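A look at the structure
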Protein chains: 2
Amino acid sequence: MTSKSIYVYDTTLRDGAQREGLSLSLNDKLKIAQRLDDFGVHYIEGGWPGSNPKDADFFRAARQMTFRHAKIAAFGSTRRKDTTPDADPNIQALLAAETPVVTLVGKSWDLHVYDVLETDLEENLAMIAESVAYLKAQGKEVVYDAEHFFDGYKAKPEYALLTLKVAAGHGAGVVVLCDTNGGSLPWEVESIVGRVVAHLGAPVGIHTHDDGGCGVANTLAAVRAGAVHVQGTINGYGERVGNANLCTVIPDLQLKMGKQCVPPENLARLTELSRFVAEVTNLGHASHQPFVGTSAFAHKGGIHVAAMRKNAASYQHVDPALVGNLKRTVVSELSGRGNVLDKAAEYGVDLDSDQARHVLQQIKELEAQGFSFESAEASMSLMLRRLQPGYRPPFELLDFTVLVQQRQDKGMCADATVKVRVGDQVLHTAAEGNGPVNALDAALRKALLSVYPMLAGVRLADYKVRILDSENGTGATVRVLIDTEQELRHWSTVGASANIIEASWRALADSLEFALLNGNAQGEQ
Amino acid sequence: MTSKSIYVYDTTLRDGAQREGLSLSLNDKLKIAQRLDDFGVHYIEGGWPGSNPKDADFFRAARQMTFRHAKIAAFGSTRRKDTTPDADPNIQALLAAETPVVTLVGKSWDLHVYDVLETDLEENLAMIAESVAYLKAQGKEVVYDAEHFFDGYKAKPEYALLTLKVAAGHGAGVVVLCDTNGGSLPWEVESIVGRVVAHLGAPVGIHTHDDGGCGVANTLAAVRAGAVHVQGTINGYGERVGNANLCTVIPDLQLKMGKQCVPPENLARLTELSRFVAEVTNLGHASHQPFVGTSAFAHKGGIHVAAMRKNAASYQHVDPALVGNLKRTVVSELSGRGNVLDKAAEYGVDLDSDQARHVLQQIKELEAQGFSFESAEASMSLMLRRLQPGYRPPFELLDFTVLVQQRQDKGMCADATVKVRVGDQVLHTAAEGNGPVNALDAALRKALLSVYPMLAGVRLADYKVRILDSENGTGATVRVLIDTEQELRHWSTVGASANIIEASWRALADSLEFALLNGNAQGEQ
């Protein structure tokens, strides 16, 4: 690391998950952790193992994974009052997580010591000292999060500073100043961080929230004052309004302040990372967020568009390519024939320029209906292959029926029938399921398995539904994404319709068609 | 006005309307202008009369209205090169708008003078001088917007400053420094504004964008350096990422920096204003925005909730009542009994400690099945009410059937039948829809509307689906969230099941039950 290096500590999986409306499954957490590692963050906070069983499961599963850049951190608080670390279940849960890093949160604000912990200032110092020292002695790298540090410093500066000295003195590798309530202003943060850096003699970090709309600015101000470790979350997810958005903080630090957070080639994957995380959380991707939003470099005003045609620097603050985003003109969609040709080459499909134009038009029509191929490359590749001369689909749907019934006496049931053609055969099957899509899936597999036994190893791994034009209520267009896996191969397909059964059917049929075409070949990642 | 007064200049109707996806009708603009005036902003920028006929119509209609606090401003650019103001159609359109205030935008950055205007630095100064002087001579109050001021100042400080001196010297009442590309950082803004204030001898304003995530912080930094006029938009709408969000700037200035923007009693209507504008624009209200978002004072973490019950200041930066918002407790799998008791009190439901334990257990069981009450408070409140002695539901489901068919000859269709009991009546209806849930919704409404005509005004605003244990593929548990609205009231309900139809049914039934129980009472926020 050089003097310009900043350590990036991601807490999407812990503080980010405190966002209202966000709930991550174990599998979601593992997928996000893998991507964060690929992107190059230095620390990934996985959760609070003492607080719920899902977080403990995460650490168990994470131990089986390989992280190339990031260290995994488990989060928890200093020991309870009037006990010892080895008798404290929360501290023991941190050890049981078996992570290289433990992040301990402790109190710096006397109001919290008195009113929340209900103890005295001396005991709080002992809680910090003993907890840090104990974990350090167990071989952990300790990050110390000083909760409500700025409020504490404003109330009683000597005491707040003392809590940091105790943490650093007992082995914390970095002390992180947290603006837990998110209400501080940038010049306060800069001045207080500057004073701490001058007095502490240990590395200082920053953790901010956006309650006053200054979450990003406060983080930048802290770095300006000497902080070398920044905590935040992808897309700014977090408790209440949210945490400092790393998708804004990282490019600001790197492109505007000359700091190094991640390698520049990784920075160009920031937009992709932001969208990936939004996709996994099933929250819509915030289109107006800085740098990575779809609208971040979208120009609507007539004057802006005209000026941009003369000089691209005239209405954009950075080159969007640096963060993997695109300049867009809102009135006229940019042609993407080049993208189609790139994609065809990737799948080994020969395409001439006319065919590329045709595919592009088809994509635009389908996207206008609600499809989205960005996260469904298998559907995209099928569209390309179907253009190849002599392409014959492995099966063809003729009819289906789905019946769902709720009866007072027998509860809920779902049945489906499917009629498909495979070569010269017409197969007509029926099956039931615990829901309509499950019944349809069962009936389709029943038909196809007799001809294609390899489908027995193909498993639907995830099924996601998003409503598009939600102002139409239950009549809205529905987009279904299906992730399928077979051993180590994964692929994703898409369907869209106002009818969720039809949308599901299309994604399901693409998923199995892709499986059959790629049965013995390399699949999509 | 005192030395602490800040003039608030709202540009929601002009710069805000540049947001991708936002389109305002004339009537929308008039409604918003009226509300902005009631709220107490000092200036309302209505549009650019030279750029489109809708804006010219706005000014014509606005002349018939009474504004008690605000002055209406028309926006346009300095005269074109090599002409005179009285021969410039844009300047003449500004006069024709007949507003007391005209806002003129001009160039401060030599790059723009050369590359965009394609003229020289002297002619640009003449364009500013003559345009300001001409409008001033016509009796207008002139606001001068210095476009790209910060970039211009960084490139060529003397020239940038000279453009301001020319504007002020020819009669501009205030010169507004615009960070048009939104890429400046707070300390740059503070330093440059400070230098301008020291050298100019005329009032200085600030106009920022959020491209670097510092839009709000940049505005605050400018005020700290002496700016007395702030421009921004409600909910931060604007070109690309957006403008400085006045719903954040105003409370920051007023509650944290001791400035006065609007009377304190009006500040308490800020949340209402923010929601109203979101409603009119037909964009969803951003739930995670500072101060006014539904989640801005929502506490999810169990530790936070426990601490808040001891001391409300412990996890909130300001009292939410000051901006007309509410503290909320989010109930989730991490909750304790405290969260349930808080929630019952919020809904005015009496609950003893045993009942709270019972509800908590029910929540945990349902959440284990896939329900999630944190974003479905109406379902949560129904659960509480159903515990009240003598509770009678307004309707009761007996049976339903849903049939979805795909036939080669007739395409896709969806039909539903519903049998419900209302009092002593049994209603049995059938309907079709463009999908199974839509058909079910239609059949249910058909049954209930005959008894409860008020349901005609109840609209499903959003329908979200999340797959939970996705490793079960199409057999996975599905969680459905439905957002419902009736005029300005909104509520959310949840259903979960392995069967998407059943999950949708439960959310749908809760949504209408909640509507009927709250028909004439105050609704949930």
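Residues numbered from 1 in each chain as written. Chains lettered and ligands numbered in written order. Predicted model: local features only at pLDDT ≥ 70, side-chain atom pairs only at ≥ 80, totals over all residues. Heavy atoms only, no water.

**Re the interface of chain B and chain A**
- Contact residues are listed per partner, giving 110 residues for chain B and 112 residues for chain A.
- For the pair chain B and chain A, the two sides together bury roughly 9100 Å², of which 54% comes from carbon and sulfur.
- Put simply, chain B and chain A have three salt bridges between them.
- Between aspartate 399 of chain A and arginine 407 of chain B there is a salt bridge; the shortest N-O distance is 3.7 Å.
- Scanning the region where chain B abuts chain A turns up 18 residue pairs in polar contact (both at pLDDT 80 or more).
- The greatest single-element share of the side of chain B that touches chain A, amounting to eleven residues, is contributed by strand S11 (residues 396-407) of chain B.
- Among the residues making up the side of chain B that touches chain A, the classes are represented as 45 nonpolar, 36 polar and 29 charged.
- Judged from the seven bridges that link them, strand S11 (residues 396-407) of chain A and S11 of chain B form a sheet pairing that is antiparallel. Bridge pairing in S11 of chain B places threonine 401 of chain A opposite glutamine 405 of chain B. (Contact = heavy atoms within 4.5 Å. Buried area = accessible area lost by both parts, 1.4 Å probe. Salt bridge = Lys/Arg side-chain N within 4 Å of Asp/Glu carboxyl O. Polar contact = N/O pair within 3.5 Å; in protein donor to acceptor, adjacent residues only side chain to side chain. Helix = DSSP H or I, 4+ residues; strand = E, 2+ residues; numbered from the N terminus. Nonpolar A, V, L, I, M, F, W, Y, C, P; charged D, E, K, R; others polar. Pairing = 2+ DSSP bridges.)

**Overview of unusual backbone geometry**
- Backbone geometry at arginine 240 of chain A places phi at a positive 55°, although glycine is not the residue there.
- Along the chain, arginine 240 of chain A falls in the loop between strand S8 (229-232) and helix H10 (246-256).
- The residue asparagine 235 of chain B is not glycine, and still its phi comes out positive at about 65°.
- Looking at where asparagine 235 of chain B falls in the secondary structure, it is placed in the loop between strand S8 (229-232) and helix H10 (246-256).
- Judged by relative accessible area, asparagine 235 of chain B falls into the buried class, the value being 11%. (Buried < 20%, exposed > 50% of the residue type's maximum accessible area, 1.4 Å probe, protein only.)

**Describing the nonpolar core**
- With 184 residues, the main nonpolar core has Tyr144, Leu164 and Val193 of chain A together with Tyr144, Leu164 and Val193 of chain B as its most contacted residues.
- Not counting the four nearest positions on each side in its chain, valine 193 of chain B is found in contact with Phe150, Leu177, Val204, Ile206, Ala222, Ala225 and Ala227 of chain B.
- Counting 84 residues, the second-largest nonpolar core is a separate cluster that includes Leu444, Leu448, Ile467 and Leu512 of chain A. (Core = buried A, V, L, I, M, F, W, Y, C linked by side-chain atoms within 4.5 Å.)

**What to know about the sheet that holds S8 of chain A**
Residue and element names in this part refer to chain A.
- Spatially, the eight strands close up into a barrel ordered S1-S2-S3-S4-S5-S6-S7-S8, and their pairing is parallel. Averaged over all pairs of adjacent strands, the angle between strand axes in this sheet comes to 25°, irrespective of strand direction.
- Two elements, strand S1 (residues 7-10) and S8, share four bridges in a ladder whose sense is parallel. Bridge assignment links aspartate 10 to a residue of S8, and that residue is glycine 232.
- Strands in contact with helix H5 (residues 121-137) are strand S4 (101-107), strand S5 (141-147) and strand S6 (172-179); relative to S4, the strand with the most contacts, it is inclined by about 175°. (Axes fitted to C-alpha atoms, helices over the stretch in contact; angles between N-to-C directions.)

**Examining the packing of aromatic side chains**
- Summed over the entire model, instances satisfying the criterion amount to 16 aromatic pairs over all chains.
- For the ring pair phenylalanine 149 of chain A and phenylalanine 150 of chain A, a centre distance of 5.8 Å and an interplane angle of 85° mean the geometry is edge-to-face.
- Exposure remark for phenylalanine 149 of chain A: the relative accessible area of 0% places this residue in the buried category.
- Here tyrosine 7 of chain B and tyrosine 43 of chain B contribute two aromatic rings whose centre-to-centre distance is 6.5 Å and whose plane-to-plane angle is 50°, an arrangement assigned as tilted. Of this pair, tyrosine 7 of chain B sits in strand S1 (residues 7-10) while tyrosine 43 of chain B is found in strand S2 (residues 43-47), placing the two residues 36 residues apart along the sequence.
- Relative accessible area serves as the criterion here: at 31%, tyrosine 7 of chain B is assigned to the partly exposed category.
- A cation over an aromatic ring shows up here: arginine 14 of chain A above the ring of phenylalanine 75 of chain A, its NZ or CZ 3.5 Å from the ring centre. (Phe/Tyr/Trp six-rings, centres within 6.5 Å; stacked < 30°, edge-to-face > 60°. Lys NZ or Arg CZ within 6 Å of the ring centre and 35° of its normal.)

**Quick notes on the packing of helix H1 (residues 26-39) of chain A against helix H2 (residues 53-62) of chain A**
Residue and element names in this part refer to chain A.
- Interaxial distance between H1 and H2 falls to 10 Å at its minimum, and their mutual angle equals 45°. Relative to H2, the element H1 is oriented oblique. Remark: the crossing between H1 and H2 carries right-handed chirality. The segment H1 lies against H2, with Leu26, Lys29, Leu30 and Ala33 engaging Lys54, Asp55, Asp57, Phe58, Ala61 and Ala62.
- Here the contact of H1 with H2 is composed, by residue class, of six nonpolar, no polar and four charged. (Parallel < 35°, antiparallel > 145°, perpendicular 65-115°, else oblique. Left-handed = near helix turned anticlockwise from the far one by under 90°.)

**Quick notes on the pairing of S6 of chain A**
All names here are of chain A.
- Among the eight residues that make up S6, seven are buried, leaving the element largely enclosed by the rest of the structure.
- As defined by bridge partners, S5 adjoins S6 across five bridges and the pair is classed as parallel. Paired with tyrosine 144 across the bridge in S6 is valine 175.
- In this fold, the crossover linking S6 to strand S7 (residues 204-208) by way of helix H8 (residues 186-200) has right-handed handedness. (Right-handed = clockwise from strand over helix to strand, strands pointing away.)

**Observations concerning the pairing of strand S14 (residues 459-467) of chain A**
Residue and element names in this part refer to chain A.
- Of all nine residues in S14, eight are buried; the element is thus mostly enclosed.
- Two elements, S14 and strand S15 (residues 478-486), share eight bridges in a ladder whose sense is antiparallel. In the sheet register, leucine 460 faces S15, and the bridge partner there is threonine 484.

**A closer look at the environment of isoleucine 467 of chain B**
- Within the secondary structure, isoleucine 467 of chain B sits in strand S14 (residues 459-467).
- Judged by its relative accessible area of 3%, isoleucine 467 of chain B falls in the buried class.
- Taking C-alpha positions, isoleucine 467 of chain B is 6.2 Å from arginine 479 of chain B, a pair spaced twelve residues apart along the chain.
- Apart from residues no more than four positions distant in its own chain, isoleucine 467 of chain B is found in contact with Asp462, Tyr463 and Lys464 of chain A together with Ala476, Thr477 and Val478 of chain B.

**As for the environment of tyrosine 159 of chain B**
Residue and element names in this part refer to chain B.
- Here tyrosine 159 is to be found in helix H7 (residues 157-169).
- In this structure, the C-alpha to C-alpha distance between tyrosine 159 and leucine 121, residues 38 residues apart in sequence, is 8.3 Å.
- Non-local contacts of tyrosine 159, meaning those with residues more than four positions away in its chain, are made with Ser108, Val113, Leu121, Asn124 and Leu125.

**A look at the side chain of histidine 148 of chain B**
- Take histidine 148 of chain B: it is sitting in the loop between strand S5 (141-147) and helix H6 (149-155).
- Within the structure, the side chain of histidine 148 of chain B is placed 3.0 Å from the side chain of asparagine 181 of chain B, a separation counted as a polar contact.

**Overview of the pattern of salt bridges**
All names here are of chain A.
- This structure, assessed with the given rule, holds 47 salt bridges over all chains.
- Among the salt bridges present, the one from glutamate 45 reaches arginine 14, with a minimum N-O distance of 2.8 Å. Taken together, the residues glutamate 45 in strand S2 (residues 43-47) and arginine 14 in the loop between S1 and H1 connect sequence positions 31 residues apart.
- Using a relative accessible area of 13% as the deciding quantity, one classes arginine 14 as buried.
- Through salt bridges with shared partners, a single network forms among Arg14, Asp15 and Glu45.

**Here's the deal with the domain arrangement of chain A**
- Its domain assignment divides chain A into domain 1 (7-281), domain 2 (298-356), domain 3 (370-394 + 457-525) and domain 4 (396-451).
- Here the C-alpha centre of domain 4 of chain A lies 50 Å away from the C-alpha centre of domain 1 of chain A. (Domains from an automatic or database assignment.)

**Regarding the state of the cysteines**
Residues and elements named next belong to chain A.
- For the coordinates displayed, the defined rule picks out zero disulfides over all chains.
- Cysteine 247 forms no disulfide, and the closest cysteine sulfur to it belongs to cysteine 261, at a distance of 12 Å.
- The class for cysteine 247 is buried, based on a relative accessible area of 0%. (Disulfide = S-S within 2.5 Å.)

**Details of the sheet that holds strand S12 (residues 411-422) of chain A**
- Taken in spatial order, the six strands make up an open sheet running S13(A)-S12(A)-S11(A)-S11(B)-S12(B)-S13(B), and their pairing is antiparallel. Either end of the sheet is taken by a strand with one partner, and the two such strands are strand S13 (425-433) of chain A together with strand S13 (425-433) of chain B. Ignoring which end each strand starts from, the neighbouring axes of this sheet average 10° apart.
- In this structure, S12 of chain A lies alongside S13 of chain A, joined through nine bridges in antiparallel fashion. From the neighbouring strand, threonine 417 of chain A faces S13 of chain A, where its bridge partner is alanine 430 of chain A.
- With respect to the sheet, helix H17 (residues 436-449) of chain A is in contact with S11, S12 and S13 of chain A, its orientation differing from that of S13 of chain A by roughly 145°.
- The strands touched by helix H18 (residues 500-517) of chain A are S11 of chain A together with S11 and strand S12 (411-422) of chain B; relative to S11 of chain A, the strand with the most contacts, the crossing angle is about 135°.

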